[in-house]
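# Breakdown of the fold
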Amino acid sequence: MDHFDADLLILGAGPAGLTAAQYGARANLKVLVIEQLAPGGQTLFIDKLENYPGNIGEKSGFEISQDMHRQAELFGAVFLTETVTALEKEGGGFKITLGNNEIRRGLGVIIATGSKYRTLNIPGEKEFYGRGVSYCATCDGPFFKNKRIMVVGGGDAACDEAQFLSHLSDQVMLVHRRERLRAQRALAERVLHNPGIETRFNTRLLEIRGQQGKVTSVVLEKTETGKKYEEETDGVFIFVGTLPQSTLVSGVEKDENGYIITNQNMETSVPGLFAAGDVRASPFRQVVVAAGEGAIAAHRAAGYIDTIKGEAYL
């Protein structure tokens, strides 16, 4: 086993990867975490992570991520800032190729690369992200209580989130570029009959505008006529899908959207390869869920690695 750089390689340092790093290190594994940006992932952009258990002091996502990073390092996990360009099974373990062409090898791998929100790529979307533009109603909805809220999308996620937001404000507007919702019929019907949600079909969002660092209005277009008009709003929640960061992983079972399928132990269809967090096919994507999955993945990976080493407790 001397040619392995680590017992456990963790790709990604969002909540799932950071928690897996802590649990893996506490299991006395040699853990190497590879993250191309900064530890924390999308959590870094959450202003107040008020729905994370125990976070009564309203720490930001950045602060929580720093705490998780330090905690993992205190237990012995090592972090490397680099891009992973290839992952392959090799002998009794795995080989990782980095962006600088260096190689890292490990006995087990946890994929915790997460997903990214599909964006509209319209003017104002990037500029007002975190200042009125959001992709998570559960995370940011409470900041818009009793305010004007616009939801963009027509699928299950958009309808689910519009329903959630309607409990916080009766001024929710759902805009969809087609003539009917593509969400499941029962879910769509609940939205259409919700008095707190106004639905506008054949409507496309063209631009997000703001003043003094926050969203104040949007520019909409009627797709049937091409007519453009401005609408006042305090927040824009965009739900037009997510993109799992799973292209690196080949040979594993994925769902139709590219999310990695695992069993309840976070085991993929490839022995020794685990997945946790937003890259995994899951019905609910939250920081607390990702952390729990990271813990499970590390626990099961430790058992797998101990078995390979002949150190499993029988």
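Refer to the preceding data block for the structure.
Here is a short report on the structure shown in this document. All values reported here derive from a predicted model rather than from experimental measurement.

What follows deals with the overall build of the protein chain. A count of helices and strands for the protein chain gives six helices and 17 strands. Relative to its length of 314 residues, the protein chain is compact, with a C-alpha radius of gyration of 22 Å against a globular reference of 20 Å. Viewed in the frame of its principal axes, the protein chain has a C-alpha envelope of about 65 × 40 × 40 Å. Every one of the 314 residues in the protein chain was classed for burial, and the buried ones make up 48%. Accessible surface computed for the protein chain: about 15,800 Å², of which carbon and sulfur atoms make up 48%. Between the averaged position of the 34 positive side-chain charges in the protein chain and that of its 39 negative side-chain charges there is a distance of 3 Å.

This next bit is on the packing of aromatic side chains. As enumerated under the stated definition, the model contains five aromatic pairs in all. Ring plane angle 20 degrees and centroid distance 6.4 Å describe the contact between Phe-237 and Phe-239, whose orientation is recorded as stacked. Residue Phe-237 is classed as buried on the basis of its relative accessible area, which comes to 0%. Seen in terms of ring centroids, Phe-274 and Tyr-304 are 6.3 Å apart; in terms of plane orientation they differ by 75 degrees. Their pairing is edge-to-face. Here Phe-274, found in strand 17 (residues 273–275), pairs with Tyr-304, found in helix 6 (residues 287–309); they are 30 residues apart in sequence, far enough to count as distant. Clustering of aromatic rings is evident, with ring pairs tying together Tyr-117, Tyr-129 and Tyr-135.

All right, on to the sheet that holds strand 14 (residues 228–232) then. Strand order across the open sheet formed by three strands is 12-13-14, with antiparallel pairing between neighbours. The strands lining the two open edges of the sheet, one partner per strand, are strand 12 (203–211) and strand 14. Across the sheet, the mean angle separating the axes of adjacent strands is 30 degrees when strand polarity is ignored. In terms of strand pairing, strand 12 meets strand 13 (residues 214–222) through eight bridges, oriented antiparallel. Bridged to Arg-204 within strand 13 is Glu-221.

Counted by the stated rule, this structure contains one cavity of 30 Å³ or more. Roughly 50 Å³ of internal volume is contained in the largest cavity. Every residue along the wall of the largest cavity is listed here: Leu-49, Asn-51, Tyr-52, Cys-139, Gln-286, Val-287 and Val-288. Residue classes in the lining of the largest cavity are distributed as five nonpolar, two polar and no charged.

This part is about the packing of helix 1 (residues 15–26) against helix 2 (residues 61–74). Put simply, helix 1 and helix 2 touch, their axes get as near as 8 Å, and they point 25 degrees apart. By the angle between their directions, the pair helix 1 and helix 2 is classed as roughly parallel. Here helix 1 and helix 2 pass one another in a crossing that is left-handed. Between helix 1 and helix 2, the contacting residues are Pro-15, Leu-18, Thr-19, Ala-21 and Gln-22 on the first element and Ser-65, Met-68, His-69, Gln-71 and Ala-72 on the second. The residue inventory of the contact of helix 1 with helix 2, partitioned by class, reads five nonpolar, five polar and no charged.

Under the criterion given, the structure shown has one disulfide. A disulfide bridge connects Cys-136 with Cys-139, and the sulfur atoms are separated by 2.3 Å. Measuring the twist about the S-S bond at about 70 degrees, one finds the Cys-136-Cys-139 disulfide to be right-handed. Residue classification places Cys-136 among the buried residues on the basis of a relative accessible area of 8%. Between Cys-159, a free cysteine, and Cys-136, which holds the nearest cysteine sulfur, the sulfur-to-sulfur gap is 17 Å.

Parameters and conventions
Residues numbered from 1 in each chain as written. Predicted model: local features only at pLDDT ≥ 70, side-chain atom pairs only at ≥ 80, totals over all residues. Heavy atoms only, no water. Helix = DSSP H or I, 4+ residues; strand = E, 2+ residues; numbered from the N terminus. Rg over C-alpha atoms; globule rule 2.2 N^0.38 Å. Buried < 20%, exposed > 50% of the residue type's maximum accessible area, 1.4 Å probe, protein only. Areas by Shrake-Rupley, 256 points an atom, 1.4 Å probe, with all protein chains shown as cover. Lys, Arg positive; Asp, Glu negative; His and termini not counted. Charge placed at Lys NZ, Arg CZ, Asp CG, Glu CD. Phe/Tyr/Trp six-rings, centres within 6.5 Å; stacked < 30°, edge-to-face > 60°. Pairing = 2+ DSSP bridges. Axes fitted to C-alpha atoms, helices over the stretch in contact; angles between N-to-C directions. 1 Å grid on protein atoms, 1.4 Å probe; cavity = no way out; pocket = protein on both sides within 12 Å on 5 of 7 lines; lining within 4 Å. Points joined across faces, edges and corners; volume = space filled by probe spheres on them. Nonpolar A, V, L, I, M, F, W, Y, C, P; charged D, E, K, R; others polar. Parallel < 35°, antiparallel > 145°, perpendicular 65-115°, else oblique. Left-handed = near helix turned anticlockwise from the far one by under 90°. Contact = heavy atoms within 4.5 Å. Disulfide = S-S within 2.5 Å.

The analysis is restricted to geometry; functional conclusions fall outside its scope.
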